[in-house]
Amino acid sequence: MTAPFVDLHELRCHFKSGDNLLAAVDGVNLQIAAGEVLGLVGESGSGKSTLGRIIAGLQSRSAGNIVIDGKTMPHKYSRRQFRAMSTQIQMVFQDSYASLNPRMTILASLQEPLWSLGVKGQAARDKAAYWLDRVGLPQSAGERYPHELSGGQRQRIGIARAFIAEPKLVICDEPVSALDVSVQAQIINLLQELQREHNTAMLFIAHDLAVVRFLASRTAVMYLGEIVEIGPTAAVFESPRHPYTVRLLAAHLDGNPGERVLRTATPVKAIANRAPLATDGGCRFAPRCQMAEAACSNSPPWLHASRVKTEAACHRLVDIEIINSKLKA
Ligand SMILES: Nc1ncnc2c1ncn2[C@@H]1O[C@H](COP(=O)(O)OP(=O)(O)OP(=O)(O)O)[C@@H](O)[C@H]1O
Ligand code: SF4
Ligand SMILES: [Mg+2]
């Protein structure tokens, strides 16, 4: 197997919150292969953006190792190291306005990532003009300023800026959730076209599970700073194994078969008035889990592979698979 482009080992990012430490990312091990699209889902606050920002070098980590293209990254980047890293890894943000300099014309904003690569003058202008066209904007848009464009047009510029220096990985953090529904599909299609054209790896963070299902070949599910399930997108969506994934999919997608697993396994009445289980040292999802049993609060579950080639961090995977196969029979 070829080495992954991004390889994260026990990555942690803890923020101070009063007297406590908040573990936004807590022991993540994750690989992103060259050219693959990895979807990252999970409810608000699960640590998706923090993880993306750490990989892009925009947020420092508290612990763990980051290996990019075979090289171990320093804990703190010098300006030169950051510039070298950011030619390989770019981000597309939800708020395209905040990511553009309001005092620079669009044409200048597009050229900026090229200047640090030594591409200047006419060569940079030509490349910016090509990318304006490639993302579907007229050349006249190059003379405008960010506030003169619509949200969809600005996001096209954000995408052009991310791809213009031909990075190996583009991290998209909710790239369409601030846009009108009418333009969301166009932007998603544009991202997919560019990703395929340039064979760029992509980490695609989104709440919209249907979009992740459409774009990503693998999907990772985050809960409270940890990856609780990861695998091929079809397997995660069609045979979710972790009870949290089942809950997340059931809340967003109609007719998710995994929800039947939970209903069958635990009569709803039995859990209705149960107090949350203590989670110290145990599974973080236990207080909300319909499958929880005493053992779940004693030791943390690790990611385990299965026959369907997803990995899930849960002590009761064997029971879930038995119920799953009975339901399918
Ligand atoms: N700079 C920061 N200082 C303190 N806490 C932070 C900081 N950044 C993030 N957090 C906290 O870390 C946790 C994870 O935040 P993060 O933004 O990564 O979640 P998310 O999964 O991207 O959520 P959303 O889906 O809402 O974008 C949250 O509890 C958040 O409040
Ligand atoms: S380990 Fe236990 S509490 Fe955690 S998800 Fe699995 S069954 Fe639920
Ligand atoms: Mg976020």
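Focus: the site of ligand 1
All residues in the neighbourhood of ligand 1 are listed as Phe15, Leu22, Ala24, Glu43, Ser44, Gly45, Ser46, Gly47, Lys48, Ser49, Thr50 and His207. In this structure, threonine 50 approaches ligand 1 through a side-chain N or O atom, which is 2.5 Å from an oxygen atom. At a separation of 2.7 Å, an oxygen atom of ligand 1 approaches a polar side-chain atom of histidine 207. Out of a free accessible area of 630 Å², ligand 1 has 60% covered by protein chains. Those elements that place two or more of their residues in the shell around ligand 1 are strand 2 (20–32) and helix 1 (48–55). Of the residues forming the shell around ligand 1, the biggest block, 3 residues, is contributed by helix 1. Of the residues assigned to the shell around ligand 1, the class counts are 3 nonpolar, 7 polar and 2 charged.

With respect to the environment of leucine 132
Tracing the backbone through its elements, the reader meets leucine 132 in helix 4 (residues 121–134). Overall, the relative accessible area of 0% leaves leucine 132 in the buried class. Sequence separation between leucine 132 and arginine 161 is 29 residues, and the spatial gap between their C-alpha atoms is 9.7 Å. Setting aside anything within four residues of it in sequence, one finds leucine 132 in contact with Ile106, Leu107, Leu110, Leu137, Pro138, Gln139, Ala141, Gly142 and Ile157.

Procedures and definitions
- Residues numbered from 1 in each chain as written.
- Chains lettered and ligands numbered in written order.
- Predicted model: local features only at pLDDT ≥ 70, side-chain atom pairs only at ≥ 80, totals over all residues.
- Heavy atoms only, no water.
- Near = heavy atom within 4 Å.
- Polar contact = N/O pair within 3.5 Å; in protein donor to acceptor, adjacent residues only side chain to side chain.
- Areas by Shrake-Rupley, 256 points an atom, 1.4 Å probe, with all protein chains shown as cover.
- Helix = DSSP H or I, 4+ residues; strand = E, 2+ residues; numbered from the N terminus.
- Nonpolar A, V, L, I, M, F, W, Y, C, P; charged D, E, K, R; others polar.
- Buried < 20%, exposed > 50% of the residue type's maximum accessible area, 1.4 Å probe, protein only.
- Contact = heavy atoms within 4.5 Å.

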